[in-house]
Amino acid sequence: MPRFRSILDELPVYRPGKAVVSAEGRSYKLSSNECPYDPLPSVVEAIAAAAREVHRYPDAGCVRLTEALAARYGVPPEHVALGAGSVTVAQQLLETVGEPGAEVIYAWRSFEAYPLLADLSGVTSVRVPLAAETHDLAAMAEAITPATRMIFVCNPNNPTGTANRAAELTAFLDRVPDDVLVVLDEAYREYVRDAGVPDGLGLYAERPNVAVLRTFSKAYGLAGLRVGYLIGHEPVATAVRKTMVPFAVNSIAQAAAIASLAAEDELLERVEAVVGERTRVREALLGQGWTVPPTEANFVWLRLGERTGEFAERCAVDGVAVRPYGAEGVRVSIGTPEANDAFLAAAGEFRRS
């Protein structure tokens with residue numbers, strides 16, 4: 001019998017959101033925070049063109065995409081690093097600091113991949129509980145020790161949708177030692193409408209120990225192609241590129257991401273539609289009597305405690321898939337108006353039962 005790392009005996013498998021189907025054949029997948037719209041025609045054309053070249057290896061350095069991102073954000077190309085989705089870039093980051101004794105801090109609950117990736121990289125997780133469904137940045141600063149190597153701040157936070165504002169983020173960063181890397185995980189940045197929530201790129205520009213993590217999976221609708229990126233100062237980006245698996249971002253994904261950046265104005269019109277639906281869904285839930293924290297992402301959060309599983313099962317009866325988190329709560333993605341209406345009807349029925 002082959003011998004494997006002992007950590008694998010305790011490591012849970014990442015569980016992606018699943019679709020469900022009602023008895024009548026209805027199915028609304030609101031469990032994975034996906035974009036509810038098909039790719040734009042110009043992006044589909046780019047994908048089709050790239051498909052004719054799949055007998056060739058992709059550009060290992062993602063040069064054209066790197067240059068497009070650098071131009072989009074006004075940063076040097078040397079500050080950009082790519083990976084197969086932002087979760088893979090997070091793994092690459094952990095591999096840059098992963099060694100015995102190293103500690104990584106993150107809020108909990110936050111993105112559920114953090115503990116899995118931290119365990120695999122051999123670092124020690126330091127989880128700091130949320131306060132009022134939001135990162136407790138003061139407590140996270142207190143948790144820093146000489147062993148701390150990196151801190152993840154998911155802003156807006158997944159799964160609660162809450163976001164930390166500029167003053168508290170700046171005060172937190174002022175307390176972080178210069179040799180500790182702070183990763184602002186901004187997978188949902190395009191959905192932020194609170195002017196008080198800062199763009200992480202403004203914070204990165206002035207602080208060499210701050211990097212920003214983003215993705216093409218959510219607002220850009222390329223979840224199936226896996227493209228994520230980091231923007232950080234050159235030593236950080238260089239370290240992340242060293243841990244990238246060769247050819248990790250395939251040629252079709254690169255072409256689609258470049259085309260998406262070119263069509264950004266059109267894509268962001270869709271984001272506005274999702275933001276509008278987000279407001280409608282949250283207000284309807286509040287009207288039903290639910291407690292729903294303000295959200296700056298493309299989902300809402302309901303803390304249900306022991307009734308979490310029961311609520312998810314009730315939604316599934318109507319063909320609505322939501323994302324349950326143990327005995328804590330459910331995260332519900334914002335989908336099409338039809339899907340959102342189906343969820344609201346299920347939530348209303350559960351509330352009345």
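Residues numbered from 1 in each chain as written. Predicted model: local features only at pLDDT ≥ 70, side-chain atom pairs only at ≥ 80, totals over all residues. Heavy atoms only, no water.

The chain is annotated in an unreviewed UniProt entry as Aromatic amino acid aminotransferase of Sphaerisporangium rufum. Looking at the Function (unreviewed entry) heading of the UniProt record, one finds this comment for the chain: "Aminotransferase that catalyzes the conversion of aromatic amino acids and 2-oxoglutarate into corresponding aromatic oxo acids and L-glutamate." Turning to the chain, the UniProt record has this under Catalytic activity (unreviewed entry): "an aromatic L-alpha-amino acid + 2-oxoglutarate = an aromatic oxo-acid + L-glutamate". (UniProt positions renumbered as here; feature names shortened; annotations may be inferred.)

## Digging into unusual backbone geometry
The linkage connecting Trp-108 with the following residue, Arg-109, adopts the cis geometry, with an omega of 15°. You can see Arg-109 is positioned in the loop between strand S3 (103–108) and helix H4 (113–121). With an omega dihedral of 0°, the bond running from Asn-155 to Pro-156 counts as a cis peptide bond. By the element assignment, Pro-156 lies in the loop between strand S5 (148–154) and helix H6 (166–175). Positive phi values are uncommon outside glycine, yet Cys-62 reaches one of about 50°. Despite not being glycine, Glu-133 shows a phi value in the positive range, around 70°. Within the element layout of this structure, Glu-133 appears in the loop between strand S4 (124–129) and helix H5 (137–142). Since its relative accessible area comes to 15%, Glu-133 is described here as buried. (Helix = DSSP H or I, 4+ residues; strand = E, 2+ residues; numbered from the N terminus. Buried < 20%, exposed > 50% of the residue type's maximum accessible area, 1.4 Å probe, protein only.)

## Describing the pattern of salt bridges
Going through the model one piece at a time under the given rule, you end up with 17 salt bridges. For Glu-142, the salt bridge goes to Arg-175, with nearest N and O atoms at 2.6 Å. Here Glu-142, found in helix H5, pairs with Arg-175, found in helix H6; they are 33 residues apart in sequence, far enough to count as distant. Given a relative accessible area of 59%, Glu-142 falls into the exposed group. Classification of Arg-175 as partly exposed rests on a relative accessible area of 43%. Across the salt bridge formed by Asp-318 and Arg-314, the nearest N and O atoms sit 3.3 Å from each other. Here Asp-318 falls in the buried class, since its relative accessible area comes to 16%. The network of salt bridges with common partners includes Glu-186, Asp-199 and Arg-214. (Salt bridge = Lys/Arg side-chain N within 4 Å of Asp/Glu carboxyl O.)

## Quick notes on the nonpolar core
Formed by 84 residues in total, the largest nonpolar core has its most connected members in Ile-151, Phe-172, Phe-216, Leu-285, Phe-311 and Phe-343. Here this core takes 7 residues from helix H12 (residues 337–352), the largest share from any one element. The residues touching Phe-311, leaving out its near neighbours within four places in the chain, are Trp-290, Leu-302, Leu-304, Val-330, Phe-343, Ala-347 and Phe-350. One finds Ala-90, Ala-118, Met-150 and Ala-237 within the second-largest nonpolar core, a separate group that totals 26 residues. (Core = buried A, V, L, I, M, F, W, Y, C linked by side-chain atoms within 4.5 Å. Contact = heavy atoms within 4.5 Å.)

## Digging into the packing of aromatic side chains
Within this structure, the stated rule accounts for 14 aromatic pairs. Ring centres of Tyr-106 and Trp-108 lie 6.1 Å apart, and the angle between their planes is 65°; on these two criteria the pair is classed as edge-to-face. Grouping aromatic residues by their ring pairs yields a cluster made of Tyr-106, Trp-108, Phe-111, Tyr-114 and Phe-152. Here Arg-127 stacks its cationic end above the ring of Trp-108, 4.6 Å away from the centre of that ring. We note Arg-331 situated over the ring of Phe-299; from NZ or CZ to the ring centre the distance is 5.8 Å. (Phe/Tyr/Trp six-rings, centres within 6.5 Å; stacked < 30°, edge-to-face > 60°. Lys NZ or Arg CZ within 6 Å of the ring centre and 35° of its normal.)

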